[in-house]
Amino acid sequence: MSASAPGYRFCPQCAQALAWIEAEEDGGPKSRLRCAACGFTHWNNPTPVLAAVVECTDRDGRLLLARNAAWSGRMFALITGFMEAGETPEAGIAREVQEETALVADAVSLIGVYDFQRMNQVIIAYHVQARGDIRLSPELAEYRLFAPGDVLCWPAGTGHALADWLRGRGVVPRYIEWPPRGEAAAS
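Residues numbered from 1 in each chain as written. Predicted model: local features only at pLDDT ≥ 70, side-chain atom pairs only at ≥ 80, totals over all residues. Heavy atoms only, no water.

J.: Quick question: what am I supposed to make of the packing of aromatic side chains here?
T.: Across all of its chains, the model carries 2 aromatic pairs by this definition. Taking 6.5 Å as the distance between ring centres and 15° as the angle between the ring planes, the aromatic pair formed by Tyr8 and Phe40 counts as stacked. Of this pair, Tyr8 sits in the segment before β1 (19-25) while Phe40 sits in the loop between β2 (28-34) and β3 (41-42); the two residues are 32 residues apart in sequence, bridging distant segments of the chain. Residue class for Tyr8 comes out partly exposed when judged on its relative accessible area of 32%. The buried category is assigned to Phe40, whose relative accessible area is 16%. Ring centres of Trp71 and Trp154 lie 5.9 Å apart, and the angle between their planes is 50°; on these two criteria the pair is classed as tilted. Here Trp71 is found in the loop between β5 (62-68) and β6 (79-81), whereas its partner Trp154 is found in the loop between β10 (152-153) and α2 (158-168), with 83 residues between them in sequence. (Phe/Tyr/Trp six-rings, centres within 6.5 Å; stacked < 30°, edge-to-face > 60°. Helix = DSSP H or I, 4+ residues; strand = E, 2+ residues; numbered from the N terminus. Buried < 20%, exposed > 50% of the residue type's maximum accessible area, 1.4 Å probe, protein only.)

What follows is the structure, encoded as structure tokens:
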């Protein structure tokens, strides 16, 4: 359990301060952010996040990875985003790919569902076969196209999805080695 729940300090129902309060739940006693005044509970459930291994069918099957404009490093990643109310996950990832890259999805197939506890997320990853002229949204700083055998996978979250997709195509995935926690990466 995380020691904090980002964004929740006050009750959204009565505006009183939230506190860590233990209460009996179906699985036994559980400490959560709760409101002593009205009984509101902040469940802090994981957020579903959509991710796409984007295969550019009009670019010899190369994979599109992009760098988020908010990232300070030169890391490239899968296209990710959130579902809108009323859309399926498949429609959501096709929309995210088009919004962020201007590519049109021709086929969308599920790779798998992955745990990403560090961000309190559940990643629903898809293989998206897409085509078109690439134009990035302001959310993304740059992109690169890679042959499937040339990509490196992160050892968490979307990296596991990319590794599973590669294995399904007979490519042995290679992982980036992260520096141990607390040590800065060499530049």
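J.: Help me out: how do you make sense of the sheet that holds β2 in this one?
T.: Sheet strands line up and pair through hydrogen bonds in the backbone, either parallel or antiparallel. Spatial strand order, β1-β2-β3: 3 strands in an open sheet with antiparallel pairing. The sheet terminates laterally at β1 and β3, the two strands that pair on one side only. Two elements, β2 and β3, share 2 bridges in a ladder whose sense is antiparallel. Residue pairing in the sheet places Arg34 in a bridge with Thr41 of β3. (Pairing = 2+ DSSP bridges.)

J.: Looking at this structure, how should I read the nonpolar core?
T.: Soluble, globular proteins show a tendency: their nonpolar side chains are buried together. Grouped together as the largest cluster of nonpolar side chains are 18 residues, with contacts concentrated most on Val151 and Leu162. Among the secondary structure elements, those contributing two or more residues to this core are β4 (47-56), β5, β7 (104-116), β8 (121-131) and α2. Considering each element in turn, this core owes the most residues, 5 residues, to α2. What Val151 contacts, discounting residues up to four positions off in sequence, is Leu63, Leu65, Phe146, Leu162, Leu166 and Arg174. Residues Leu50, Ala52, Leu103 and Tyr126 belong to the second largest nonpolar core, which totals 16 residues. (Core = buried A, V, L, I, M, F, W, Y, C linked by side-chain atoms within 4.5 Å. Contact = heavy atoms within 4.5 Å.)

J.: Whenever I open this one, unusual backbone geometry confuses me. Can you help?
T.: Across residues other than glycine, the phi torsion is negative in most instances, and most of the peptide bonds are trans. Its identity is not glycine, yet Asp60 carries a phi of approximately 60°, on the positive side. Structurally, Asp60 is set in the loop between β4 and β5. Although it is not a glycine, Ala102 adopts a positive phi angle of roughly 70°. Note that Ala102 resides in the loop between α1 (89-101) and β7.

J.: Is there a simple way to explain the pattern of salt bridges in this structure?
T.: The final tally for this structure, using the stated rule, is 10 salt bridges. We note a salt bridge from Arg67 to Glu142, for which the minimum N-O separation is 2.9 Å. One end of the pair, Arg67, is in strand β5; the other, Glu142, is in strand β9 (residues 140-146), with 75 residues separating them in the sequence. A single burial state applies to Arg67 and to Glu142, both of which are buried. When the shortest N-O distance is used, the salt bridge between Asp106 and Arg131 registers 2.9 Å. You can see Asp106 sitting in strand β7 and its partner Arg131 sitting in strand β8, a full 25 residues away along the chain. Given the relative accessible area of 45%, Asp106 is considered partly exposed. (Salt bridge = Lys/Arg side-chain N within 4 Å of Asp/Glu carboxyl O.)

J.: Would you explain the state of the cysteines in this entry?
T.: Here a disulfide denotes a covalent bond joining the sulfur atom of one cysteine to the sulfur atom of another. Following the criterion strictly, the structure yields 0 disulfides and no others. Counting only cysteine sulfurs, Cys38 is the nearest neighbor of Cys11, a cysteine outside any disulfide, at a range of 3.5 Å. In this structure Cys11 comes out as buried when scored by relative accessible area, which is 4%. Not part of a disulfide, Cys35 finds its nearest cysteine sulfur in Cys14, a span of 3.4 Å. Residue Cys35 is classed as buried on the basis of its relative accessible area, which comes to 4%. (Disulfide = S-S within 2.5 Å.)

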